Amino acid sequence: MSHFTLITLILSATTQALAAIIALRGLHLAGSFRLSWICISAALFLMLERRVIPIWHIYAGRQEDPLNTFIGLAVSLLMLCGVIGLKRLFQLMHANEVELERLAHTDFLTGLNNRRYFMKKVKQELIRAVRYDSAFSLMMLDIDFFKKVNDTYGHHIGDIVLQKVARHCQKTVRSIDIIGRLGGEEFAVFLPESGYDRAYDVAERLRSGIEETLLECVGDNLLHVTVSIGLVSTGHTGNSIDELLDLADKALYEAKTSGRNRICRSQ
Ligand SMILES: Nc1nc2c(ncn2[C@@H]2O[C@H](COP(=O)(O)OP(=O)(O)OP(=O)(O)O)[C@@H](O)[C@H]2O)c(=O)[nH]1
């Protein structure tokens, strides 16, 4: 190996090792992959250039040529960087997958389950409820005169109201309850192991809690909203999720037409 090749290799190896260290501190997927690949290729190249350097010779004290010792150490370092880089790459890929899955299930504005995922989870719960003949309830909740909020304060404030109502719902229900944003200003909550009385209590806590809460989102002005709720409870055990939502929607419509800020039950 000529002096020129050697110096070029040393410089390139040092640069790559430094770049790999930077990469390990949070570089994105493609960068991490490229750097690991470069480190490992550089290490292999160095090994082949010296006709395969047995690294363990260095540690066993059998390597006498100082150049070989140096290249052996460079190979070890590059290999190490490459392996750590690969490990980081797999971690990033896994984190990306988890994040993509989360995004596919989540409503971007409120952080609740989106409609599709809500339906999927409720379908599973329904199968369980039918099998064990257990009680359940489903409620649909809609913010009253929400168009007026948007028209008066703007869409941005409307979004904040949606987020605050979503947070209130999340805080009020149990962790086993399934809550989702069906779209617009409409939310749904599925309550496993809950017959009408228990579900009505929860619905009333949601309704009164939102009515009493003054939303601090319009500068110094406090905003006040109410919700209407349609409730369907067991007795409809044989129904599909679509049929249940339809029943809850009809009850919600009744709550809207009979004055809003109230709970109506599906008959
Ligand atoms: N800020 C905001 N507004 C939304 C969003 N999605 C839907 N809306 C608005 O929600 C409003 C819904 O209005 P309507 O369906 O007339 O219902 P409403 O005014 O709440 O009246 P009632 O339901 O009958 O009490 C519309 O103005 C939509 O533009 C959203 O993500 N953000």
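Before going into details, it helps to say that this report is about the structure given with it. Here the structure is a predicted model, which is why all the values come from computation and not from measurement.

Moving on, we come to the nonpolar core. In terms of nonpolar packing, the biggest core is built from 30 residues, with Met139, Leu141, Ile143, Val161, Val165, Phe187 and Ile229 touching the most fellow members. Breaking this core down by element, the ones donating at least two residues are β1 (136–143), α6 (146–153), α7 (155–172), β3 (186–192), α8 (196–212) and β6 (227–233). A total of seven residues in this core trace back to one element, the largest contributor, which is α7. The residues touching Met139, leaving out its near neighbours within four places in the chain, are Phe187, Ala188, Val189, Leu191, Ala199, Val202, Ala203, Leu206, Ile229, Gly230 and Leu231. Within the second largest apolar cluster, 19 residues are counted, among which are Phe118, Met119, Ala188 and Leu245.

The next thing to look at is helix α5 (residues 115–132). If you check α5, its first and last C-alpha atoms are 26 Å apart, about what 18 residues at 1.5 Å a residue would give, namely 26 Å. Taken together, the buried positions of α5 are occupied by Tyr117, Phe118, Met119, Val122, Glu125, Leu126 and Ala129.

To describe two helices that pack against each other, one gives the angle between their axes and the distance between the axes. Interhelical geometry of α7 versus α8 gives an angle of 140° and a closest axis separation of 10 Å. Regarding the angle of α7 to α8, the classification is oblique. Judged by the twist between their axes, the crossing of α7 over α8 is right-handed. Contacts from Val165, His168, Cys169 and Thr172 in α7 reach Arg205, Leu206, Gly209 and Ile210 in α8. Of the residues in the contact of α7 with α8, the class split is four nonpolar, three polar and one charged.

This paragraph deals with the packing of aromatic side chains. Evaluation of the coordinates by the stated rule reveals two aromatic pairs. Ring geometry for Phe136 versus Phe190: centroids 5.4 Å apart, planes at 20°, classification stacked. Of this pair, Phe136 sits in strand β1 while Phe190 is found in strand β3, placing the two residues 54 residues apart along the sequence. The buried category is assigned to Phe136, whose relative accessible area is 1%. The class for Phe190 is buried, based on a relative accessible area of 1%. Seen from their ring centres, Tyr196 and Tyr200 are 5.8 Å apart, and the 45° between their planes marks the pair as tilted.

Parameters at a glance
Residues numbered from 1 in each chain as written. Predicted model: local features only at pLDDT ≥ 70, side-chain atom pairs only at ≥ 80, totals over all residues. Heavy atoms only, no water. Core = buried A, V, L, I, M, F, W, Y, C linked by side-chain atoms within 4.5 Å. Buried < 20%, exposed > 50% of the residue type's maximum accessible area, 1.4 Å probe, protein only. Helix = DSSP H or I, 4+ residues; strand = E, 2+ residues; numbered from the N terminus. Contact = heavy atoms within 4.5 Å. Expected span 1.5 Å × (residues − 1). Axes fitted to C-alpha atoms, helices over the stretch in contact; angles between N-to-C directions. Parallel < 35°, antiparallel > 145°, perpendicular 65-115°, else oblique. Left-handed = near helix turned anticlockwise from the far one by under 90°. Nonpolar A, V, L, I, M, F, W, Y, C, P; charged D, E, K, R; others polar. Phe/Tyr/Trp six-rings, centres within 6.5 Å; stacked < 30°, edge-to-face > 60°.

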